[in-house]
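One-letter residues, chain by chain:
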Amino acid sequence: MKNLVDLWGSRSLGDILKYCRAEGLCKISDHLSEHLDRPPREEEYDQELHSGDKSDWLTDSFLSMTTKEIQPFVDFINDNTPLSTQHGVKGEEYKNVVVVFDDTDAAWHMYNFVKMLTPNTSGIPTDGQKQRSRKLAYVCFSRAEENLRILLFTPDPEGAKRELIENHLFDEEQIEVCN
């Protein structure tokens with residue numbers, strides 16, 4: 001316990017997790033163990049070259065933090081930021097809501113909001129993508145008590161606008177294309 005207390009006050013989260021794993025104090029997932037075992041990425045992150053490995057840089061940043069940095073970060077996110085993930089707002093309500101759908105560089109395959117909303121313009125989602133995207137979009141849209149704004153990134157904004165209007169999802173005056 002003394003060793004852990006000493007590490008807690010002076011070392012990085014990565015060092016603490018490595019110690020806990022070595023001493024059998026907690027179970028570490030295989031995925032996290034892989035990050036703990038590899039050397040930190042030293043090259044600068046380049047989206048074109050490294051988009052599939054983005055989690056390496058994010059994990060390296062997290063593992064390099066100290067325990068003293070975690071609580072202020074959590075406090076800031078919980079108390080001082082009006083942003084949340086789509087999954088994080090279930091059951092909550094807000095006067096004003098802005099939903100951002102940006103599938104253009106997404107590495108996930110579970111959802112595709114652009115294809116769900118504009119399949120003729122953007123392509124047909126899989127049945128699973130359509131179902132999951134629809135459910136999560138409902139969660140996002142139903143959080144707004146008064147004002148809802150949706151920011152939709154799409155390779156074909158004009159085509160998406162036409163399709164949204166033709167499908168009676170929005171009126172023309174409700175859509176603004178920003179280039």
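Please refer to the structure higher up on the page.
Predicted model, so just to flag it, every value in this text is computed and none were measured. Every chain's residues receive numbers from 1 upward, in the order its sequence appears when written. Side-chain atom pairs in this predicted model are given and counted only at pLDDT of 80 or more, local residue features only at pLDDT of at least 70, and totals for whole chains, interfaces and linings cover all residues. Only hydrogens and water are removed before side-chain values are computed, so all heavy atoms of the structure are retained for them.

S.K.: What is the right way to read the packing of aromatic side chains from this model?
M.R.: Each aromatic ring pair is summarised here by two numbers: the centre-to-centre distance and the angle between the ring planes. In this scheme Phe, Tyr and Trp rings, the latter by its six-membered ring, pair at centre separations within 6.5 Å, and the angle between planes marks the pair as stacked below 30 degrees, edge-to-face above 60, and tilted otherwise. For the structure on display, the rule yields 4 aromatic pairs. Measuring from centroid to centroid gives 5.1 Å for tyrosine 45 and tryptophan 57, while their planes differ by 70°, and the two rings are edge-to-face. With a gap of 12 residues between them, tyrosine 45 in the loop between helix H3 (30-37) and helix H4 (47-50) and tryptophan 57 in helix H5 (residues 54-64) connect regions that are remote in the sequence. In this scheme, a residue with accessible area under 20% of its type's maximum is buried, one over 50% is exposed, and one in between is partly exposed, where area comes from a 1.4 Å probe on protein chains only. With a relative accessible area of 28%, tyrosine 45 lands in the partly exposed category. Ring geometry for phenylalanine 101 versus phenylalanine 113: centroids 4.2 Å apart, planes at 10°, classification stacked. Pair noted here: phenylalanine 101 is in strand S1 (residues 94-102) and phenylalanine 113 is in helix H7 (residues 113-117), with a separation of 12 residues, a long-range link. Taken as a pair, phenylalanine 101 and phenylalanine 113 share a single burial class, namely buried. Through a chain of ring-to-ring contacts, the aromatic side chains of Phe101, Tyr111, Phe113 and Phe141 assemble into a single cluster. By definition, any uninterrupted DSSP run of H or I lasting at least four residues is a helix, any uninterrupted run of E lasting at least two residues is a strand, and each is numbered from the N terminus.

S.K.: For this particular structure, what's the right way to read the environment of serine 142?
M.R.: Mapping serine 142 onto the fold places it in the loop between helix H9 (127-141) and strand S2 (144-153). Through-space distance from the C-alpha of serine 142 to that of glycine 91 is 9.2 Å; in sequence the pair is 51 residues apart. Throughout this description, a polar contact denotes any pair of N or O atoms lying within 3.5 Å of each other; where both atoms belong to protein, one of them has to be capable of donating a hydrogen while the other can accept it, and for residues adjacent in sequence the pair is counted only when both atoms sit in side chains. A polar side-chain atom of serine 142 sits 2.7 Å from the main-chain carbonyl oxygen of tyrosine 138. Looking at serine 142, its side chain comes within polar contact range of the main-chain oxygen of valine 139, at 3.4 Å.

S.K.: Can you walk me through the nonpolar core in this structure?
M.R.: Burial of nonpolar side chains together is a common tendency in soluble globular proteins. Only buried Ala, Val, Leu, Ile, Met, Phe, Trp, Tyr and Cys residues count toward a nonpolar core, and they belong to the same one when joined by side-chain atoms within 4.5 Å. Core analysis: the biggest nonpolar cluster contains 14 residues, and Val99, Phe101, Phe113, Met116, Leu117, Leu136 and Ala137 have the highest contact counts within it. Of all the elements in the fold, those that place two or more residues in this core are S1, H7 and H9. By residue number, the principal contributor to this core is H9, which donates 4 residues. Contacts were defined at the residue level, with two residues in contact if any of their heavy atoms lie within 4.5 Å. When near neighbours in sequence (up to four residues on either side) are disregarded, leucine 117 contacts Phe101, Leu152, Glu163, Leu164 and Leu169. Membership of the second largest hydrophobic core comes to 5 residues, among which are Leu4, Leu7, Tyr19 and Cys20.

S.K.: Before we go on, may I ask you to explain the packing of H3 against H5 in this structure?
M.R.: For any two helices packed against each other, one specifies the inter-axial angle together with the distance between the axes. Axis angles are defined between N-to-C directions and span 0 to 180 degrees, where every axis is a line fitted to C-alpha atoms and, for a helix, only to the segment in contact. Following both chains from N to C, one finds H3 and H5 inclined at 75°, their axes separated by 10 Å at the closest point. With respect to each other, H3 and H5 are oriented roughly perpendicular. Of H5, the residues touching H3 (which contributes Leu32, His35 and Leu36) are Ser55, Asp56, Thr59 and Leu63. As a working rule, the residues Ala, Val, Leu, Ile, Met, Phe, Trp, Tyr, Cys and Pro are called nonpolar, Asp, Glu, Lys and Arg charged, and the rest polar, with Gly in that last group. Tallied by class, residues from the contact of H3 with H5 come to 3 nonpolar, 3 polar and 1 charged. Oblique is the label for every angle not falling under 35 degrees (roughly parallel), over 145 degrees (roughly antiparallel), or within 65 to 115 degrees (roughly perpendicular).

S.K.: I'm lost on H3 in this one. Help?
M.R.: A turn of α-helix holds 3.6 residues, and therefore any two residues three or four places apart point the same way. Along H3, the positions that sit buried rather than exposed are Ser33, His35 and Leu36. Down the axis of H3, the buried set is contained in an arc of 160°. They therefore lie on one face. Set apart from the buried face of H3 by more than 90 degrees, the exposed residues are Asp30, His31, Glu34 and Asp37. The arc in question is the one spanned by the directions pointing from the helix axis to the C-beta atoms.

S.K.: Looking at this model, I keep getting lost on helix H10 (residues 157-166). Mind explaining?
M.R.: Listing the buried residues of H10 in full gives Gly159, Ala160, Lys161, Glu163 and Leu164. Lining the buried residues of H10 we find H7, helix H8 (119-122) and S2. Positive phi shows up at histidine 168, right after H10, with a value of about 60°.

S.K.: For this particular structure, what's the right way to read the state of the cysteines?
M.R.: Covalent bonding between the sulfur atoms of two cysteines is what defines a disulfide. Cysteine sulfur atoms that pair up within 2.5 Å are treated as a disulfide. Enumeration according to the criterion identifies 0 disulfides in this entry. Lacking any disulfide linkage, cysteine 140 is separated from the closest cysteine sulfur, that of cysteine 178, by 20 Å. Judged by its relative accessible area of 5%, cysteine 140 is buried.

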